[in-house]
Every structure is written in structure tokens, then in C-alpha cells.
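Each chain, letter by letter, is given below.
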Amino acid sequence: MKTAFAFLLCCLPPLLAQSQEVCKVTQPTASFAIHHLAGDPELNTDPTSPLWSSAAQAVIVKDCTHVIEYQALHSTVRGFWTDKDLFLLFECPYTVLNLWQPPMGGGPRNKLWDRDVVEMFLGDDWKNIRHYREFEIAPTGDWIDLAINLDKESYDQTWRSGWKTSARIDKKKKVWYAAARIPLSAVTDQQVKSGTQWRANLYRIEGVGGDPNRHFLCWQPTCVVNRDPNHVPENFGSIIFEQ
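What you see is a predicted model; the values in this text were computed from it and never measured.

(A) Region of interest: the overall build of the protein chain. Counting secondary structure elements, the protein chain contains 2 helices and 14 strands. Projected onto its principal axes, the C-alpha positions of the protein chain cover 55 × 45 × 35 Å. Taking all 243 residues of the protein chain together, 52% fall into the buried category. Considering only contacts in the protein chain between residues 6 or more positions apart, those separated by 24 or more positions represent 66%. With an accessible surface of roughly 11,300 Å², the protein chain has 50% of that area assigned to carbon and sulfur atoms. Across the protein chain, the centroid of the 25 positively charged side chains sits 2 Å from that of the 28 negatively charged ones.

(B) Spotlight on the packing of aromatic side chains. Inspection of every chain in the model, using the stated rule, returns 12 aromatic pairs. The interplanar angle of 90 degrees and the centroid separation of 5.4 Å between the aromatic rings of W81 and F241 together place this pair among those described as edge-to-face. Placement of the pair is W81 in strand β4 (residues 75–81) and F241 in strand β14 (residues 237–241), with a sequence separation of 160 residues. The pair W81 / F241 is uniform in exposure class, with both members buried. Where F135 meets W159, the ring centres are 6.0 Å apart and the plane angle is 65 degrees; that geometry is what we call edge-to-face. Here F135 is found in strand β7 (residues 131–137), whereas its partner W159 is found in the loop between β9 (154–156) and β10 (164–170), with 24 residues between them in sequence. Each residue in the set F121, Y132, Y203 and F236 is aromatic and connected to the rest through ring pairs, giving one cluster. For the cation-ring pair, R115 lies above W100, with the distance from its terminal atom to the ring centre recorded as 3.8 Å. One residue, R199, lies across the ring of W126, its end atom 5.0 Å from the ring centre.

(C) Up close: the side chain of E206. Relative to the elements of secondary structure, E206 occurs in strand β12 (residues 197–206). The buried charged residue E206 lacks any salt bridge partner; its closest oppositely charged side chain belongs to R204, at an N-O distance of 4.8 Å. Those residues in contact with E206, other than ones at most four positions away along the chain, are L73, V96, D116, R214 and H215.

(D) Representation of the state of the cysteines within the structure. In total, this model carries 2 disulfides according to the counting rule given. At a sulfur-sulfur separation of 2.0 Å, the disulfide partner of C23 is C223. Residues C23 and C223 are joined by a disulfide whose S-S torsion is about -110 degrees; by sign, that bridge is left-handed. Here C23, found in the loop between α2 (14–19) and β1 (31–36), pairs with C223, found in the loop between β13 (215–218) and β14; they are 200 residues apart in sequence, far enough to count as distant. Residue C223 is classed as buried on the basis of its relative accessible area of 14%. Numbered by position along the chain, the disulfide-linked cysteines of the protein chain connect as 1-4, 2-3.

(E) Representation of the pattern of salt bridges in the model. Taken as a whole, this structure holds 8 salt bridges when the rule is applied. In this structure, R214 engages D211 in a salt bridge whose closest nitrogen and oxygen atoms are separated by 2.9 Å. Each member of the pair, R214 as well as D211, is classed as buried. Taken together, the salt bridges that share partners define one network made up of D40, D85 and R181.

(F) Representation of the environment of A167 in the model. The topology assignment puts A167 in strand β10. Along the chain, A167 and R78 lie 89 residues apart, while their C-alpha atoms are 14 Å from each other. Here A167 is in contact with T45, I137, A138, P139, G141, Y177 and A178, once residues within four sequence places are set aside.

(G) Quick peek at the nonpolar core. Counting residues in each nonpolar core, the largest one holds 38 residues, and the members touching the most others are F32, L86, F90 and M120. Leave out the neighbours within four places in its chain, and F32 touches A56, Q57, A58, V77, R78, G79, L88, L202, W219, S238, I239 and I240. Among the nonpolar cores identified, the runner-up in size contains 16 residues, and V117, Y132, L146 and I148 belong to it.

(H) Representation of the side chain of E119 in the model. Within the secondary structure, E119 sits in strand β6 (residues 117–123). Polar contacts involving the side chain of E119 include one to the side chain of N230, which spans 2.9 Å.

Calculation notes
- Residues numbered from 1 in each chain as written.
- Predicted model: local features only at pLDDT ≥ 70, side-chain atom pairs only at ≥ 80, totals over all residues.
- Heavy atoms only, no water.
- Helix = DSSP H or I, 4+ residues; strand = E, 2+ residues; numbered from the N terminus.
- Buried < 20%, exposed > 50% of the residue type's maximum accessible area, 1.4 Å probe, protein only.
- Contact = heavy atoms within 4.5 Å.
- Areas by Shrake-Rupley, 256 points an atom, 1.4 Å probe, with all protein chains shown as cover.
- Lys, Arg positive; Asp, Glu negative; His and termini not counted.
- Charge placed at Lys NZ, Arg CZ, Asp CG, Glu CD.
- Phe/Tyr/Trp six-rings, centres within 6.5 Å; stacked < 30°, edge-to-face > 60°.
- Lys NZ or Arg CZ within 6 Å of the ring centre and 35° of its normal.
- Salt bridge = Lys/Arg side-chain N within 4 Å of Asp/Glu carboxyl O.
- Disulfide = S-S within 2.5 Å.
- Core = buried A, V, L, I, M, F, W, Y, C linked by side-chain atoms within 4.5 Å.
- Polar contact = N/O pair within 3.5 Å; in protein donor to acceptor, adjacent residues only side chain to side chain.

This is the structure:
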């Protein structure tokens, strides 16, 4: 993703770049309030299951940089938390999938961001906002997790969070699903309780071909040009942990 976005930004056709209005970030940025669930549930990718029935929902539909909404790609994110974990489920409609083949049978797999993927950027530090964690899941079930330190331009792929993931493709409905169970301790060494807030952004990358032909969607658009539109922590939204 880090080099791919450089290509994206330098190689957009001039007429396309001129015809698209750059968005503006307004304060406060987006927030996603999620509720607590007791127990230690098993992860699944079925949005109609009891596990997700009371989960809070957010949507990913906006371009990261421009004033564009991709209604055909309107993606839903469900979320809740337990005493130990953050649970998220992405539901992503598609027309054609762009996949790394063959699947590795689970990650970690480098450069997932060069194909269809969903991403979660999470950080608990509101002072050193350039330090956070990155999590990615592909439709094939391959994944990667990274420790990010922008001050050192470090995207550490040797770091492991201990998270659990699941993904599946419903070819009949033309929807793919990705579920994540992320240990709270992978993001923070502080106790998470009602009222805790994390800096966060949620993403979907979609489309076939080179980056100028793909779609880069953000839950909270970061609205930057001439730089990677994902790694913009100053424009992240927030996840709010509620009881």
C-alpha cells in the first residue's frame, strides 16, 4: 500500500484528477459507538446470526480523498466488544473480485493491499497518534497485521497481534464477508471500559487493474492529496466503547 499509493497519486489521469472535488475533514470526525457483550463468543461471518444481531453498525461508502460515494460498494461494518476482544464484521458487495491466488490458507500475507481487502487502523494513544496497529483481511481469508510507527516510517510485519479472523465469499449474492476478533491487549496496555475511546479508521480497497482504476474507500475520509490517504492519523475517527 505504501508504494502503491505513490503510484496512484502520481499517475491519475489529469482530467480525472481535475474533475473530482477533494473532500474536507470536519470536526468532530466520525465516531462508532459499540456496545459490550458478556462472555467469550465464537467468531462467525453470518450477519444474521445471534452474535451480530445487536451489534452497532457503520458504513463504508465514501472515497478516501474525493467527494464521491460508491453506492454499489456500500459496505457495512458491525462491531461490539467483550472483556478481552474487539469484534468486527465487514459485509462487502462486489461485482468482480481481485484476489491473490492461490490463497495461502490464512495469513500473514504481504501486500494484501494490492488486491481486494478490508483494513482496520486502531490506536489508543491520543498524544502519539502516529503509533497504531493495522489489520487487514482479504476475501480469501488471508490476512496481515502490522505495528505502525510513522515517526520512524516503520510498518513492522513481524509483529503479531494474536487476532482471529474468518472470511467467506457468497458468489450467489455477490457479497464477501470478513470477521475479526482483535485482542484489546494488542492495541492497548490500559484497561478498556465503558467510555474508552480509540483513534480508528476503517477501509475497503476494491477493483481490478492498477491503482488509478481501483476504489479506495474510507469510513472516515482523510481528504489528503499528494500522500497516502490511509495513513493519516490526524484525520482518523474514533471507536467509543459503551456498556
